[in-house]
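# Structural overview for review
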Amino acid sequence: FQPFGLTHLTMPTLKSLSLLLAVVPVLQGCAYALVPETSDPLRKIDQAYQMWSVGRWVPAEGLGREALALGEKSGDPVAIANAHRYLGNFYKSGLYREHAQWFAEQGRYDPTSGLSISHFEKAEQTWASIDNHVGMALDQFNQGVAYSIDENHDKTCERYATSLDTYESAREEFANTPLPI
(Lines give C-alpha, C1' and ligand atoms only; values in the text may rest on other atoms or scores of the structure.)
Protein backbone atom coordinates (compact mmCIF):
# COMPACT_ATOMS: atom_id res chain seq x y z
CA PHE A 1 0.00 0.00 0.00
CA GLN A 2 2.99 2.32 0.27
CA PRO A 3 2.83 3.34 -3.41
CA PHE A 4 -0.61 4.80 -2.67
CA GLY A 5 0.56 6.77 0.34
CA LEU A 6 -0.87 4.27 2.80
CA THR A 7 1.72 3.22 5.32
CA HIS A 8 -0.44 0.92 7.40
CA LEU A 9 -3.97 -0.34 7.45
CA THR A 10 -5.63 -2.26 10.20
CA MET A 11 -7.54 -5.37 9.30
CA PRO A 12 -11.01 -3.82 9.90
CA THR A 13 -10.09 -0.89 7.64
CA LEU A 14 -8.97 -3.27 4.92
CA LYS A 15 -12.26 -5.19 5.26
CA SER A 16 -14.20 -1.92 5.07
CA LEU A 17 -12.30 -0.93 1.95
CA SER A 18 -13.04 -4.31 0.37
CA LEU A 19 -16.74 -3.96 1.20
CA LEU A 20 -16.81 -0.45 -0.21
CA LEU A 21 -15.13 -1.58 -3.42
CA ALA A 22 -17.71 -4.34 -3.76
CA VAL A 23 -20.77 -2.18 -3.05
CA VAL A 24 -19.99 0.94 -5.13
CA PRO A 25 -20.22 -0.77 -8.54
CA VAL A 26 -23.52 -2.36 -7.55
CA LEU A 27 -24.99 0.97 -6.47
CA GLN A 28 -23.79 2.68 -9.63
CA GLY A 29 -25.78 0.15 -11.63
CA CYS A 30 -28.99 0.97 -9.76
CA ALA A 31 -31.13 3.39 -11.67
CA TYR A 32 -32.32 5.20 -8.57
CA ALA A 33 -29.02 5.22 -6.68
CA LEU A 34 -28.45 8.46 -4.79
CA VAL A 35 -32.00 9.77 -5.45
CA PRO A 36 -33.56 10.73 -2.09
CA GLU A 37 -36.98 9.18 -1.45
CA THR A 38 -39.90 11.59 -1.22
CA SER A 39 -43.68 11.34 -1.27
CA ASP A 40 -44.07 14.90 -2.59
CA PRO A 41 -45.05 14.65 -6.28
CA LEU A 42 -43.68 18.10 -7.15
CA ARG A 43 -40.34 17.18 -5.54
CA LYS A 44 -40.33 13.97 -7.58
CA ILE A 45 -40.80 16.05 -10.74
CA ASP A 46 -37.79 18.17 -9.72
CA GLN A 47 -35.77 15.01 -9.20
CA ALA A 48 -36.95 13.67 -12.56
CA TYR A 49 -35.71 16.82 -14.33
CA GLN A 50 -32.37 16.42 -12.52
CA MET A 51 -32.06 12.80 -13.70
CA TRP A 52 -33.02 13.84 -17.23
CA SER A 53 -30.38 16.57 -17.24
CA VAL A 54 -27.63 14.03 -16.55
CA GLY A 55 -28.94 11.46 -19.02
CA ARG A 56 -30.37 8.94 -16.55
CA TRP A 57 -33.42 7.92 -18.57
CA VAL A 58 -34.71 5.14 -16.29
CA PRO A 59 -35.15 7.27 -13.17
CA ALA A 60 -36.10 10.32 -15.28
CA GLU A 61 -39.15 8.52 -16.60
CA GLY A 62 -39.82 6.53 -13.44
CA LEU A 63 -39.87 9.55 -11.16
CA GLY A 64 -42.26 11.32 -13.53
CA ARG A 65 -44.60 8.31 -13.51
CA GLU A 66 -44.35 8.09 -9.72
CA ALA A 67 -45.16 11.81 -9.40
CA LEU A 68 -48.26 11.29 -11.52
CA ALA A 69 -49.37 8.33 -9.40
CA LEU A 70 -48.84 10.29 -6.18
CA GLY A 71 -50.74 13.29 -7.56
CA GLU A 72 -53.63 11.08 -8.63
CA LYS A 73 -53.66 9.29 -5.27
CA SER A 74 -53.81 12.59 -3.36
CA GLY A 75 -56.19 14.23 -5.85
CA ASP A 76 -53.86 17.23 -6.24
CA PRO A 77 -54.66 18.77 -9.65
CA VAL A 78 -51.51 20.94 -9.70
CA ALA A 79 -49.32 17.88 -9.13
CA ILE A 80 -51.28 15.87 -11.70
CA ALA A 81 -51.03 18.59 -14.36
CA ASN A 82 -47.33 19.19 -13.72
CA ALA A 83 -46.59 15.44 -13.86
CA HIS A 84 -48.44 15.15 -17.17
CA ARG A 85 -46.51 18.17 -18.48
CA TYR A 86 -43.21 16.61 -17.38
CA LEU A 87 -44.07 13.29 -19.06
CA GLY A 88 -45.23 15.11 -22.19
CA ASN A 89 -41.88 16.86 -22.39
CA PHE A 90 -39.96 13.68 -21.60
CA TYR A 91 -41.72 11.60 -24.26
CA LYS A 92 -40.75 14.07 -26.99
CA SER A 93 -37.16 14.41 -25.80
CA GLY A 94 -33.97 13.28 -27.44
CA LEU A 95 -33.16 11.18 -24.35
CA TYR A 96 -36.37 9.20 -24.85
CA ARG A 97 -35.64 8.76 -28.57
CA GLU A 98 -32.01 7.76 -27.93
CA HIS A 99 -33.20 4.85 -25.79
CA ALA A 100 -36.08 3.77 -28.02
CA GLN A 101 -35.14 0.11 -27.83
CA TRP A 102 -35.22 0.03 -24.03
CA PHE A 103 -38.57 1.86 -23.90
CA ALA A 104 -39.96 -0.48 -26.59
CA GLU A 105 -38.92 -3.47 -24.47
CA GLN A 106 -40.87 -1.91 -21.58
CA GLY A 107 -43.90 -1.40 -23.84
CA ARG A 108 -43.66 2.38 -23.57
CA TYR A 109 -42.16 3.55 -26.84
CA ASP A 110 -44.12 5.66 -29.32
CA PRO A 111 -42.17 6.58 -32.48
CA THR A 112 -44.59 9.48 -33.02
CA SER A 113 -45.30 12.28 -30.57
CA GLY A 114 -48.66 10.73 -29.68
CA LEU A 115 -47.68 9.75 -26.14
CA SER A 116 -46.28 13.22 -25.54
CA ILE A 117 -49.39 14.91 -26.93
CA SER A 118 -51.64 12.69 -24.82
CA HIS A 119 -49.89 13.82 -21.64
CA PHE A 120 -50.08 17.49 -22.68
CA GLU A 121 -53.80 17.10 -23.39
CA LYS A 122 -54.35 15.57 -19.95
CA ALA A 123 -52.36 18.41 -18.38
CA GLU A 124 -54.47 20.96 -20.26
CA GLN A 125 -57.70 19.26 -19.13
CA THR A 126 -56.50 19.21 -15.53
CA TRP A 127 -55.62 22.91 -15.62
CA ALA A 128 -59.05 23.62 -17.15
CA SER A 129 -60.72 21.76 -14.27
CA ILE A 130 -59.26 24.30 -11.83
CA ASP A 131 -59.70 27.26 -14.20
CA ASN A 132 -55.95 27.85 -14.56
CA HIS A 133 -55.54 29.53 -17.94
CA VAL A 134 -51.78 29.91 -17.59
CA GLY A 135 -51.34 26.15 -17.32
CA MET A 136 -53.81 25.58 -20.14
CA ALA A 137 -52.00 27.95 -22.51
CA LEU A 138 -48.59 26.45 -21.73
CA ASP A 139 -49.77 22.93 -22.44
CA GLN A 140 -51.65 23.97 -25.57
CA PHE A 141 -48.37 25.47 -26.76
CA ASN A 142 -46.51 22.28 -25.78
CA GLN A 143 -48.97 20.27 -27.88
CA GLY A 144 -48.10 22.52 -30.81
CA VAL A 145 -44.42 21.79 -30.31
CA ALA A 146 -45.10 18.05 -30.22
CA TYR A 147 -47.22 18.23 -33.37
CA SER A 148 -44.42 20.15 -35.10
CA ILE A 149 -42.00 17.31 -34.33
CA ASP A 150 -44.35 15.02 -36.27
CA GLU A 151 -44.56 17.67 -39.02
CA ASN A 152 -48.32 17.98 -38.60
CA HIS A 153 -48.44 21.63 -39.59
CA ASP A 154 -52.22 22.05 -39.39
CA LYS A 155 -52.40 20.76 -35.80
CA THR A 156 -49.27 22.72 -34.89
CA CYS A 157 -50.84 25.99 -36.04
CA GLU A 158 -54.18 25.10 -34.43
CA ARG A 159 -52.58 24.45 -31.04
CA TYR A 160 -50.43 27.58 -31.22
CA ALA A 161 -53.50 29.66 -32.11
CA THR A 162 -55.49 28.11 -29.26
CA SER A 163 -52.64 28.86 -26.88
CA LEU A 164 -52.56 32.47 -28.01
CA ASP A 165 -56.35 32.78 -27.67
CA THR A 166 -56.17 31.37 -24.13
CA TYR A 167 -53.41 33.82 -23.30
CA GLU A 168 -55.36 36.78 -24.74
CA SER A 169 -58.51 35.84 -22.83
CA ALA A 170 -56.68 35.72 -19.50
CA ARG A 171 -53.97 38.35 -19.89
CA GLU A 172 -54.43 39.65 -16.32
CA GLU A 173 -54.13 36.16 -14.88
CA PHE A 174 -50.85 35.75 -16.77
CA ALA A 175 -49.52 39.03 -15.41
CA ASN A 176 -50.17 37.89 -11.83
CA THR A 177 -48.98 34.29 -12.06
CA PRO A 178 -45.38 33.57 -11.11
CA LEU A 179 -43.69 30.95 -13.24
CA PRO A 180 -43.07 28.07 -13.19
CA ILE A 181 -46.49 26.76 -12.21
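See the structure shown above.
First, a word on scope: everything that follows refers to the structure included in this document. (Residues numbered from 1 in each chain as written. Predicted model: local features only at pLDDT ≥ 70, side-chain atom pairs only at ≥ 80, totals over all residues. Heavy atoms only, no water.)

## Notes on the overall build of the protein chain
Quick reminder of the rule: Helix and strand definitions follow DSSP, with helices as H or I runs of at least four residues and strands as E runs of at least two, each counted in order from the N terminus. Think of it in three bands: residues with accessible area under 20% of the maximum for their type are buried, residues over 50% are exposed, and the middle band is partly exposed, with areas taken using a 1.4 Å probe on protein chains only. The contact definition used throughout considers only heavy atoms, calling two residues in contact when any of these lie within 4.5 Å. Areas reported here follow the Shrake-Rupley algorithm with a probe of radius 1.4 Å; residue values treat only the protein chains shown as occluding.
A tally of regular secondary structure across the protein chain gives ten helices and zero strands. Along the protein chain, helices and strands appear, N-terminal first, in the series α-α-α-α-α-α-α-α-α-α. Every one of the 181 residues in the protein chain was classed for burial, and the buried ones make up 36%. Residue pairs in contact within the protein chain that sit at least 24 positions apart in sequence constitute 59% of those at least 6 positions apart. For the protein chain, the exposed surface amounts to about 10,500 Å²; the carbon and sulfur share of it is 58%.

## Let's talk about helix α3 (residues 57–74)
Stated formally: One less than the residue count of a helix, multiplied by 1.5 Å, gives the span that helix is expected to have.
For α3, built from 18 residues, the straight-helix expectation of 26 Å at 1.5 Å per residue is met to within 8% by its first-to-last C-alpha distance of 26 Å. Three or more residues of α3 are buried, namely Pro 59, Ala 60, Glu 61, Gly 62, Leu 63, Gly 64, Ala 67, Leu 68 and Gly 71. The elements touched by buried residues of α3 are α2 (41–53), α4 (77–90), α6 (100–105) and α7 (114–129).

## Side note on a nonpolar patch on the surface
Convention followed: Exposure above 30% relative accessible area and no salt bridge define the residues that can form patches, which grow by joining like charges within 9 Å and nonpolar side chains of Val, Leu, Ile, Met, Phe, Trp and Tyr within 5 Å. Salt bridge, as used here, is a side-chain nitrogen of Lys or Arg placed within 4 Å of a carboxyl oxygen of Asp or Glu.
A cluster of nonpolar residues, Leu 42, Val 78 and Ile 130, forms a patch on the protein surface that exposes about 190 Å² of accessible area. When you line up the elements, Val 78 lands in helix α4. Looking at Val 78, the relative accessible area reads 31%, which means it is partly exposed.

## Focus on the pattern of salt bridges
Counted by the stated rule, this structure contains six salt bridges. Measuring nitrogen to oxygen at the nearest pair gives 2.9 Å for the salt bridge that ties Lys 44 to Glu 66. Linking Lys 44 in helix α2 with Glu 66 in helix α3, this pair joins segments that are 22 residues apart in sequence.

## Describing helix α8 (residues 133–149)
Rules: Two N or O atoms form a polar contact when they lie within 3.5 Å of each other; inside protein one atom must be a possible hydrogen donor and the other a possible acceptor, and for residues adjacent in sequence the pair counts only when both atoms belong to side chains.
Counted at 1.5 Å a residue, the expected span for α8 with its 17 residues is 24 Å, and the 25 Å between its end C-alpha atoms agrees. Buried within α8 are the following residues: Val 134, Gly 135, Met 136, Ala 137, Asp 139, Gln 140, Asn 142, Gln 143, Gly 144, Ala 146 and Tyr 147. Where α8 begins, the capping side chain belongs to Asn 132, and its oxygen is found 3.2 Å from the backbone nitrogen of Val 134. After α8 finishes, the residue Glu 151 shows a positive phi value of roughly 60°.

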